[in-house]
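Each chain, written out:
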2 protein chains.
Amino acid sequence: MGWKGEMTDPSFPTFDDVRAAAGRLAGYAVRTPLLSCPALDALTGGRVRLKAEPLQRTGTFKFRGAFNALSKLDEAGRARGVVAFSSGNHAQGVAEAARLLGMKATIVMPSDAPGIKQRGVVARGAVLRLYDRDTESREEIAAEISAATGAVVIPAFDHPDIIAGQGTAGLEIFETLAAEGLHADQLICCVGGGGLIAGINLAAEALSPQTRIWGAEPDGFDDTARSLASGRRESNARRSGSLCDALLSETPGVLTFAINQPRLTGVGVISDADALRAMRFAFEHMKIVLEPGGAAALAAVLAGRVDVADSLSVVVLSGGNVEPELFARALA
Amino acid sequence: MGWKGEMTDPSFPTFDDVRAAAGRLAGYAVRTPLLSCPALDALTGGRVRLKAEPLQRTGTFKFRGAFNALSKLDEAGRARGVVAFSSGNHAQGVAEAARLLGMKATIVMPSDAPGIKQRGVVARGAVLRLYDRDTESREEIAAEISAATGAVVIPAFDHPDIIAGQGTAGLEIFETLAAEGLHADQLICCVGGGGLIAGINLAAEALSPQTRIWGAEPDGFDDTARSLASGRRESNARRSGSLCDALLSETPGVLTFAINQPRLTGVGVISDADALRAMRFAFEHMKIVLEPGGAAALAAVLAGRVDVADSLSVVVLSGGNVEPELFARALA
């Protein structure tokens with residue numbers, strides 16, 4: 001499947017693409033652990049395993065999709081470099097993948113993105129182009145850069161290679177459980193554009209079809225929850241205003257929604273306060289640093305949006321790139 | 001080997017005891033991951049793996065030794081209950097092991113121990129007896145409780161069962177590396193009373209004898225460093241005054257020093273500022289919560305006390321039970 005500088009290829013990724021992505025990522029991505037937390041089990045009355053993507057390279061799962069996509073570019077594509085727009089985590093994934101592959105990357109990032117994410121991009125040698133989230137179009141900026149330089153645009157979620165790359169997290173989850181003779185009754189994962197949960201759905205369908213898959217979205221950015229209800233891709237009224245900066249996509253992707261719609265059992269919607277409480281819980285009982293969006297799935301469980309009692313559940317902790325000031329606020 | 005309510009049995013633990021402890025811990029302790037951190041590798045010019053004991057049950061390695069010791073008590077011993085004195089982490093390990101085994105536990109803890117550790121003991125159903133670190137003797141208090149109730153005293157480090165239990169962390173490290181076809185050139189681990197590093201030394205001697213083992217101690221509490229220099233067990237002048245509350249033992253143990261003395265390559269001494277910097281590094285680049293003492297080995301590497309360039313090194317992250325206020329200070 002070729003890259004055309006845009007998300008023009010509507011082909012569905014398959015589980016074979018997830019497996020192929022895992023082969024490309026081997027030796028580059030961290031095979032993150034599937035943790036246990038006795039305190040969480042005691043609190044919920046269930047058995048919960050936690051996929052710890054904050055321990056992934058760049059602090060989130062986003063490196064998986066970015067590296068998979070970039071490593072599929074041919075030599076001419078690599079020479080032209082890449083451009084990506086992102087609230088921050090995809091940006092770091094692309095910057096890191098480009099660095100490892102010796103490519104030039106330009107990142108278009110909102111000016112209100114956490115400083116830790118902006119610094120992470122610059123530290124990896126990428127060019128940072130800031131924009132105003134409320135008045136500028138990141139798509140247009142990226143298209144202009146692409147037109148001027150020939151750089152390939154790497155979308156954040158709505159592309160088969162991105163979805164397949166993120167799906168390697170799901171592959172690892174189900175492989176790890178199978179090696180322990182276990183299968184998950186359910187899995188809860190945050191939803192922004194839906195790339196991670198779409199990839200996980202592909203892995204679940206192949207390896208653990210009986211597992212119910214739940215999303216978790218922030219208040220006011222529950223486009224996937226409302227899209228599931230209406231049967232078509234709904235948009236959010238706002239573009240900012242949640243602590244979960246990683247989950248503020250305007251609408252589900254075309255590909256991701258097509259994959260997710262028939263496969264999701266439901267979506268738990270959580271508040272900023274729920275996210276902060278989950279961050280605090282992870283600090284005290286798991287010793288894992290979570291960013292608000294990365295805590296969304298755990299927050300949905302702790303807030304009772306998804307009932308995990310008397311079952312084996314997997315909660316995806318998706319990222320940990322949070323400003324010290326905000327983290328301190330979660331702990332206060 | 002029997003428990004006599006005191007650390008009266010001077011028999012040396014062996015690697016067989018470590019293996020036996022691993023059998024007892026299976027299904028109770030978390031087999032913690034041996035993480036990679038590309039940012040740390042880039043910074044140090046070495047390849048570093050991190051044993052993540054903050055992810056252990058109770059947030060530190062201490063559960064390993066405590067559970068091993070308690071599970072070896074006979075029925076009469078279990079019925080009498082246990083008493084332990086500890087700055088906090090051993091306390092939580094004993095409280096949690098007692099809870100899992102249905103035993104009564106009394107914990108003697110300094111009144112300046114972090115609240116998170118005091119709460120952790122109470123939450124696990126143990127009785128908490130606070131004392132003044134500068135004016136009272138925790139040994140005497142524990143002996144009084146033992147005399148009055150028949151409870152068995154569980155020492156924090158200087159006992160074969162404790163050392164063997166902590167050694168399971170080392171067993172896991174070397175098993176994991178071997179499964180990946182790797183061997184460590186060196187390993188760096190914090191030293192309080194020396195129980196963890198003694199157990200790791202037993203595992204290293206059996207499984208990875210070429211690995212050089214380094215300690216890490218806080219400024220002013222470098223009793224093991226000075227003991228190695230003088231050839232006999234030296235004491236610290238102070239009993240408090242370091243942020244590394246987990247590493248303030250007055251002097252190396254009899255058993256632990258006998259094990260460690262011939263096996264340690266050296267000890268890196270670190271400051272409070274070094275520990276805070278390592279906590280911040282782990283927050284930003286590993287997404288792991290470390291307490292100051294739990295960050296000591298990483299601090300020794302980041303401060304250049306142990307050179308890890310051009311080698312494969314294991315750094316033991318030993319604990320993550322830190323007050324939110326102190327953690328926020330490390331991030332500031």
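Residues numbered from 1 in each chain as written. Chains lettered and ligands numbered in written order. Predicted model: local features only at pLDDT ≥ 70, side-chain atom pairs only at ≥ 80, totals over all residues. Heavy atoms only, no water.

(A) Summary view of the packing of helix 3 (residues 62–71) of chain B against helix 5 (residues 89–101) of chain B. All names here are of chain B. Contact geometry for helix 3 and helix 5: axes closest at 8 Å, N-to-C directions at 45°. Relative to helix 5, helix 3 is oriented oblique. In this structure, helix 3 meets helix 5 at a crossing whose hand is right-handed. Residue-level contacts link Lys-62, Phe-63, Ala-66, Phe-67, Leu-70 and Ser-71 of helix 3 to Asn-89, His-90, Gly-93, Val-94, Glu-96, Ala-97, Ala-98, Leu-100 and Leu-101 of helix 5. (Axes fitted to C-alpha atoms, helices over the stretch in contact; angles between N-to-C directions. Helix = DSSP H or I, 4+ residues; strand = E, 2+ residues; numbered from the N terminus. Parallel < 35°, antiparallel > 145°, perpendicular 65-115°, else oblique. Left-handed = near helix turned anticlockwise from the far one by under 90°. Contact = heavy atoms within 4.5 Å.)

(B) Inspection of the domain arrangement of chain A at higher detail. Residues and elements named next belong to chain A. Domain assignment breaks chain A into domain 1 (3–61 + 159–331) and domain 2 (63–153). Placing the centre of domain 1 and that of domain 2 at their C-alpha centroids yields a distance of 22 Å. Tallying the contact residues gives 34 residues for domain 1 and 29 residues for domain 2. Counting each side, the surface lost to burial between domain 1 and domain 2 is near 2,700 Å², with a carbon and sulfur contribution of 54%. Summed over the shared surface of domain 1 and domain 2, the result is 7 salt bridges. (Domains from an automatic or database assignment. Buried area = accessible area lost by both parts, 1.4 Å probe. Salt bridge = Lys/Arg side-chain N within 4 Å of Asp/Glu carboxyl O.)

(C) Expanded view of the sheet that holds strand 2 (residues 47–52) of chain B. Residues and elements named next belong to chain B. Taking strand neighbours across the sheet as the criterion, the 6 strands line up as 1-2-10-7-8-9 in an open arrangement whose pairing is mixed. In the strand order of this sheet, the two ends are held by strand 1 (34–36) and strand 9 (264–270), each with one partner. On average, each strand axis in the sheet is inclined to that of its neighbour by 25°, with strand direction left out of account. Here strand 2 pairs with strand 10 (residues 312–317) via 6 bridges, running parallel. From the neighbouring strand, Arg-47 faces strand 10, where its bridge partner is Leu-312. (Pairing = 2+ DSSP bridges.)

(D) Just the sheet that holds strand 6 (residues 152–153) of chain A, in detail. Residue and element names in this part refer to chain A. If you trace the 4 strands from one edge of the open sheet to the other, you get 5-4-3-6, paired in parallel fashion. Each end of this open sheet is capped by a strand with a single partner; those strands are strand 5 (127–131) and strand 6. Of the strand pairs in this sheet, strand 4 (residues 105–110) and strand 5 are connected by 5 bridges, and their pairing is parallel. Each residue of the ladder has a partner; that of Ile-107, found in strand 5, is Leu-128. Packing against the sheet, helix 5 (residues 89–101) makes contact with strand 3 (82–85) and strand 4, and its axis sits at approximately 170° to strand 4.

(E) Quick look at helix 6 (residues 115–123) of chain B. Of the positions making up helix 6 of chain B, those classed as buried are Ile-116, Lys-117, Gln-118, Gly-120 and Val-121 of chain B. Residues of helix 6 of chain B that are buried in the fold lie against helix 12 (272–286) of chain A together with helix 5, strand 4 (105–110) and strand 5 (127–131) of chain B. Trailing helix 6 of chain B by a residue or two, Gly-125 of chain B shows a phi angle of about 85°, which is positive. (Buried < 20%, exposed > 50% of the residue type's maximum accessible area, 1.4 Å probe, protein only.)

(F) Representation of the side chain of Gln-92 of chain B within the structure. Structurally, the position occupied by Gln-92 of chain B is in helix 5. Aside from chain neighbours lying at most four places away, what touches Gln-92 of chain B is Thr-58, Ile-116, Lys-117, Gly-120, Val-121, Arg-124 and Asn-321 of chain B.

(G) Fine view of the relation of the copies chain A and chain B. Note on the copies: chain A fits chain B at an RMSD of 0.0 Å, the axial shift is 0.0 Å, and the rotation between them is 180°. This pairing of chains is accounted for by a two-fold axis. Of the interface residues in chain A, 100% have counterparts in chain B that sit at the interface too, so the contact is made through matching surfaces. (Least-squares fit on C-alpha atoms with pLDDT ≥ 70 in both.)

(H) Looking closely at the nonpolar core. Counting residues in hydrophobic clusters, the biggest one holds 84 residues, and the most contacted among them are Leu-298 of chain A together with Leu-298 of chain B. When neighbours within four sequence positions are excluded, Leu-298 of chain B is seen to be in contact with Leu-40, Leu-50, Ala-278, Phe-281, Ala-282, Met-286, Leu-290, Val-315 and Leu-317 of chain B. Core analysis: the second largest hydrophobic core is formed by 33 residues, Phe-15, Ile-173, Cys-189 and Ala-204 of chain A among them. (Core = buried A, V, L, I, M, F, W, Y, C linked by side-chain atoms within 4.5 Å.)

(I) Representation of the packing of aromatic side chains. Here the structure, examined in full by the defined rule, presents 9 aromatic pairs over all chains. Summarising the aromatic geometry, the rings of Phe-63 of chain A and Phe-67 of chain A are spaced 5.4 Å apart at their centres and angled 35° between planes, so their arrangement reads as tilted. Taken together, the residues span about one helical turn, with Phe-63 of chain A and Phe-67 of chain A both in helix 3 (residues 62–71) at a distance of 4 residues. For the pair formed by Phe-63 of chain A and Phe-67 of chain A, the shared burial category is buried. An aromatic cluster is present here, built from Phe-283 and Phe-327 of chain A together with Phe-283 and Phe-327 of chain B joined pairwise through their rings. The lysine or arginine in question, Arg-57 of chain A, covers the ring of Phe-63 of chain A, its NZ or CZ lying 5.6 Å from the ring centre. (Phe/Tyr/Trp six-rings, centres within 6.5 Å; stacked < 30°, edge-to-face > 60°. Lys NZ or Arg CZ within 6 Å of the ring centre and 35° of its normal.)

(J) Structural view of the interface of chain A and chain B. In this assembly, 24 residues from chain A lie in contact with 24 residues from chain B. One can count 1 salt bridge joining chain A with chain B. Our enumeration of links across chain A and chain B arrives at 6 residue pairs in polar contact (both at pLDDT 80 or more). Elements that contribute at least two residues to the side of chain A that touches chain B include exactly helix 6 (115–123), helix 12 and helix 14 (324–331) of chain A. Residues that form the side of chain A that touches chain B fall into these classes: 15 nonpolar, 3 polar and 6 charged. (Polar contact = N/O pair within 3.5 Å; in protein donor to acceptor, adjacent residues only side chain to side chain. Nonpolar A, V, L, I, M, F, W, Y, C, P; charged D, E, K, R; others polar.)

(K) Main features of helix 10 (residues 223–230) of chain A. Residue and element names in this part refer to chain A. Among the residues of helix 10, those classed as buried are Asp-223, Thr-224, Ala-225 and Ser-227. Lining the buried residues of helix 10 we find strand 8 (212–218), helix 11 (254–260) and strand 9 (264–270). Of the residues one or two after helix 10, Gly-231 is the one with positive phi, at around 85°.

(L) Spotlight on the pattern of salt bridges. Considering all chains together, one arrives at 45 salt bridges over all chains under this definition. Its salt-bridge partner being Glu-180 of chain A, residue Arg-49 of chain A comes within 2.9 Å of it at the nearest N-O pair. Of the two residues, Arg-49 of chain A sits in strand 2 (residues 47–52) while Glu-180 of chain A sits in the loop between helix 8 (160–179) and strand 7 (186–190), which places them 131 residues apart along the sequence. Judged by relative accessible area, Arg-49 of chain A falls into the buried class, the value being 7%. Since its relative accessible area comes to 40%, Glu-180 of chain A is described here as partly exposed. Asp-245 of chain B is paired through a salt bridge with Lys-117 of chain B; the nearest N and O atoms lie 2.5 Å apart. One end of the pair, Asp-245 of chain B, is in the loop between helix 10 (223–230) and helix 11 (254–260); the other, Lys-117 of chain B, is in helix 6, and 128 residues separate them in sequence. Of the residues examined, Lys-117 of chain B reaches a relative accessible area of 0% and is grouped as buried. Where salt bridges share partners, they join Lys-51, Glu-53, Arg-64 and Glu-172 of chain A into one cluster.

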